[in-house]
There are 2 protein chains.
Amino acid sequence: MAIEKKRNPLVKDMESISGFSKLSKEAKMEWLCGHFENPESAYEMLSSYWHNDKAVQKLHDEFIENTISNYYMPFGVAPNFLINNKMYTVPMAIEESSVVAAAAKAANFWLNRGGFKTTIISTTKIGHVHFAYWGDYEKLLNFFEGHVKALLFSEAEDLTRNMRARGGGIKDIQLINKTDEEPNYYQLYATFETCDSMGANFINSCLEQFSRTFKREIENSDLFTEREKELQVIMCILSNYTPECLIRAEVSCKVEDLEDEKKEYTWQEFVDKFEKAVHIARIEPYRATTHNKGIMNGIDSVVIATGNDFRAVEACAHTYAAKSGRYRSLTDVKVENGVFTFWIEVPLSLGTVGGITSLHPMVRFALEMLGHPGAQELMAITAVVGLAQNFSALRSLVTSGIQKGHMKMHLLNILNQLEATDEERKSIVKYFEHDTVTHAKVIELFCELRGVKSLAELK
Amino acid sequence: MAIEKKRNPLVKDMESISGFSKLSKEAKMEWLCGHFENPESAYEMLSSYWHNDKAVQKLHDEFIENTISNYYMPFGVAPNFLINNKMYTVPMAIEESSVVAAAAKAANFWLNRGGFKTTIISTTKIGHVHFAYWGDYEKLLNFFEGHVKALLFSEAEDLTRNMRARGGGIKDIQLINKTDEEPNYYQLYATFETCDSMGANFINSCLEQFSRTFKREIENSDLFTEREKELQVIMCILSNYTPECLIRAEVSCKVEDLEDEKKEYTWQEFVDKFEKAVHIARIEPYRATTHNKGIMNGIDSVVIATGNDFRAVEACAHTYAAKSGRYRSLTDVKVENGVFTFWIEVPLSLGTVGGITSLHPMVRFALEMLGHPGAQELMAITAVVGLAQNFSALRSLVTSGIQKGHMKMHLLNILNQLEATDEERKSIVKYFEHDTVTHAKVIELFCELRGVKSLAELK
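Residues numbered from 1 in each chain as written. Chains lettered and ligands numbered in written order. Predicted model: local features only at pLDDT ≥ 70, side-chain atom pairs only at ≥ 80, totals over all residues. Heavy atoms only, no water.

### Things to note about the pairing of strand E4 (residues 125-132) of chain B
Residue and element names in this part refer to chain B.
Logical step 1: Most of E4 is tucked away: eight of the eight residues are buried.
Logical step 2: In E4, alternate side chains face the same way, and those of Lys-125, Gly-127, Val-129 and Phe-131 on one face and Ile-126, His-128, His-130 and Ala-132 on the other are all buried.
Logical step 3: Relative to strand E7 (residues 232-239), E4 is paired through seven bridges, and the arrangement is antiparallel. Each bridged residue has a counterpart across the sheet, and for Ile-126 the counterpart in E7 is Ser-239. (Buried < 20%, exposed > 50% of the residue type's maximum accessible area, 1.4 Å probe, protein only. Helix = DSSP H or I, 4+ residues; strand = E, 2+ residues; numbered from the N terminus. Pairing = 2+ DSSP bridges.)

Encoded structure:
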């Protein structure tokens, strides 16, 4: 009975170890498992999660450092997404129940109501050389505009050649004076077009080259004093906040078409509560956080399945949600002339080449099932899944409540832990059709079925 | 040559399908793979990612809906974390290179400087019943305080029994008037202590019960007019924004002890640039986003490995970062009396029981290697890894620059794609010791070594 099992502490306390990263994978696992009550079974469990093909496993091992096994993130699919009149089956990697089901449900709902439409607003990426400078700003600005800027472009040509061939590259570089906020603080603020790649390595390599060129030119110029030549580069780094790498996705239909097929609610009731729920998420940060969290359930599951970086996408989306000075919903709704429109506007910096996109076999599969989209098409698909997720979540919340579906999953999880038979499952699931699931009540019913007073008797 | 392979579009366009969720896993895969150029090899690839033990795979399949395979998220470990004088080896699940290495590096660095210290500030969780009410607020407030509130507690007793036995439960319920922001909008604002569970199901079940009790009592009371009795529950939902489920983690040492062992920089230079880098992330949202993204690299990798919900943690952390009205860094630094102190304050709502924590074998392993922590201990470990990650990132940024490490990994990834031999790898890695890695240059060197003009010749 996993559920009631006494959790043994480690048999041996962890101790420090030097040179760990240099050990083989097997030696790392042996050292680690040596602290467990049953080292052999721990080692076996870990290795049971390896891929059978050693070369494939080696590939996965090398993505990060000190890899010992694979964490399985369930990989599901949601069919029936009609986006800009094209049909997609969307790959989703996520560990949370109900998310794929909610996406698929929203896809079905909108399939017969015209599907999803998207617009790319812009695709600009951003990076900075942050530096301190003790001297005259006007002089620096003139030197930058008149002399340095062109050099920054030309000395980065080796780095930008491939990107330029694909239609991208450095868009602009500006000198920004931030001394009103922090003494002596300035930036080179650079914008980039990175085409189908997310572009982090490209941008960071360009920025580091900018800083070398910039510093050298200042040092070699007679215009600057010794103090001014001590210009200090603090750091060169892309920004994950890309408000100008922005997409809008929307659904829209006649209000009457929102009527529930099962007639559990009228379209008037639905629209009224749906609008209120979205307005609350516009004005109440406590609600906006959870509202956007649901959107990110959908977005992240596509981001992960397609080999993109969900921390970057999360950080950007939430900063964008806070841009007005108050943390707000990423989606909005309006009803005009009998037409219901629900939309999301979200910055998404994604890539379909580079990184692990062509290395991870499951990612290659995911991109293939989407028809090998470019970055802009992937932005569209991802934003749509976020919007779909939010639509389903709000629909549940304002009608049956969210717990009905969640607690059904919760109940199945408890029954799995109990290793209940099919017959026991059926009987207990039936019981909870009209009652709130509690862990204690499930255990009580289970014990009753097995004719015992407590789980302890079953050990 | 994966890297240059022509990407074929799907052989057959996606079409809509009804009843997909009812199909067996195998039938789902067959339908999906039927669109691929080579359906058999696509099917084989997917099933090669299944666990060998069918029962284990079934468990993973059931976590979500429409599961067809597993996305491998590399599972690595970072040893040598000394936290509150106890040693930990930390499990990290993440697909991004350099993150585990950076964590391990920071752990080693602070191991000999007193390790990490943490303080739990508070552990309160939050949920709301959002509702509309057309009537007299004072009357509602009196009725709530004098009559309903006690009933909300007592009628939820079945739901809260287990949680109360563990020392948790409902802490308080308040009626909040939000009509200054949205007409007729009110909340029941409830606070909870959920002990070692994250508590989402518990809180949502309580809130839905509150709404039933509340609505019934108003309807049955003679105090209210017909219009007032039409009180409309919009939704019942926990908030993922939990600023009062808060932890602080810090490191501190004498400034001289920050001297680089390799003497590449002095402690004065390091402290100066480190302080500036943190200050920039306090005042410049473009930088704060990326700064916090790095922190979340560390936090999420522990959150995922321990079976927690990273979307919830992300949404909460970023809303917290924006709480002042401007999006800011989650970490801060000070130097006082020759002592350097670097800390993070971050809300983290985590569980070590419930959800998939006792179901996912890799999660059980992760929790066992941490010695089966309670939720508060897991908050400490997770916050520490976020702080460690940020320390390593800033240290790289203000000294050698971040690209040195990144581009080494990038190079290895390209060489993997090229399926370069060990000898070819060594030669190419050596070349880039003093030169910036570009994709084009790697291909050029590789072709040179193989005596061809382009990769096309190798097919």
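### Comments concerning the pairing of strand E9 (residues 331-336) of chain B
Regular strands place their side chains on alternate faces of the sheet.
Residues and elements named next belong to chain B.
Logical step 1: As paired strands, E9 and strand E10 (residues 339-347) are joined by six bridges and run antiparallel to one another. Within the sheet, the bridge partner assigned to Asp-332 lies in E10 and is Trp-343.
Logical step 2: From the end of E9 to the start of E10, which pair antiparallel, there are two residues, and Asn-337 there has a positive phi angle of about 50°.

### Digging into the interface of chain B and chain A
Logical step 1: Every contact between the two is made by 153 residues of chain B and, on the other side, 152 residues of chain A.
Logical step 2: Summing both partners gives a buried area of about 13300 Å² for chain B against chain A, and 60% of it is carried by carbon and sulfur.
Logical step 3: The interface formed by chain B and chain A contains 10 salt bridges.
Logical step 4: Of the charged contacts, one joins Glu-181 of chain A and Arg-326 of chain B as a salt bridge, the two residues approaching to 2.8 Å between their closest N and O atoms.
Logical step 5: In this assembly, chain B and chain A are joined by 55 residue pairs in polar contact (both at pLDDT 80 or more).
Logical step 6: If one sorts the elements of the side of chain B that touches chain A by residue count, strand E1 (residues 67-83) of chain B sits on top with 13 residues.
Logical step 7: Split into classes, the residues belonging to the side of chain B that touches chain A amount to 76 nonpolar, 50 polar and 27 charged.
Logical step 8: Of the strand pairs in this sheet, strand E1 (residues 67-83) of chain A and E1 of chain B are connected by nine bridges, and their pairing is antiparallel. Bridging across to E1 of chain B, Ser-69 of chain A finds its partner in Phe-75 of chain B. (Contact = heavy atoms within 4.5 Å. Buried area = accessible area lost by both parts, 1.4 Å probe. Salt bridge = Lys/Arg side-chain N within 4 Å of Asp/Glu carboxyl O. Polar contact = N/O pair within 3.5 Å; in protein donor to acceptor, adjacent residues only side chain to side chain. Nonpolar A, V, L, I, M, F, W, Y, C, P; charged D, E, K, R; others polar.)

### Notes on the confidence of the model for chain A
Logical step 1: Mean pLDDT over chain A works out to 93, with 97% of the residues at or above the 70 mark.
Logical step 2: When the criterion is pLDDT under 50, residues 1-6 of chain A qualifies, and its contacts beyond four places in sequence or with other chains add up to 14 contacts. (pLDDT = per-residue confidence, 0-100.)

### Focus on the domain arrangement of chain A
Logical step 1: Segmenting chain A into domains produces domain 1 (24-63), domain 2 (75-120 + 248-400), domain 3 (125-238) and domain 4 (406-458).
Logical step 2: Here the C-alpha centre of domain 2 of chain A lies 37 Å away from the C-alpha centre of domain 1 of chain A. (Domains from an automatic or database assignment.)

### Looking at the packing of aromatic side chains
Residue and element names in this part refer to chain B.
Logical step 1: Scanning the model with the defined rule gives 55 aromatic pairs over all chains in all.
Logical step 2: When the centroid spacing of 6.4 Å and the interplanar angle of 65° are considered together, the rings of Phe-75 and Phe-365 count as edge-to-face. You can see Phe-75 sitting in strand E1 and its partner Phe-365 sitting in helix H12 (residues 361-369), a full 290 residues away along the chain. Each member of the pair, Phe-75 together with Phe-365, is buried. (Phe/Tyr/Trp six-rings, centres within 6.5 Å; stacked < 30°, edge-to-face > 60°.)

### Side note on the relation of the copies chain B and chain A
Logical step 1: Between chain B and chain A, the superposition needs a rotation of 180° and an axial shift of 0.0 Å, giving an RMSD of 0.1 Å. Viewed as a symmetry operation, the transformation between the two copies matches a two-fold axis. Measuring from the rotation axis to each C-alpha of chain B, the shortest distance belongs to Gly-325 of chain B, at 2.1 Å.
Logical step 2: Of the residues that chain B buries at the interface, 99% are likewise interface residues in chain A, meaning the two copies contact each other through the same surface. (Least-squares fit on C-alpha atoms with pLDDT ≥ 70 in both.)

### A look at the sheet that holds E4 of chain B
Residues and elements named next belong to chain B.
Logical step 1: Read across the open sheet, the four strands follow the order E5-E6-E4-E7; overall the sheet is antiparallel. Of all the strands in the sheet, the pair left with one neighbour each is strand E5 (169-177) and E7. With direction set aside, neighbouring strand axes in the sheet form an average angle of 15°.
Logical step 2: Strands in contact with helix H5 (residues 137-155) are E4, E5 and strand E6 (185-193); relative to E5, the strand with the most contacts, it is inclined by about 170°. (Axes fitted to C-alpha atoms, helices over the stretch in contact; angles between N-to-C directions.)

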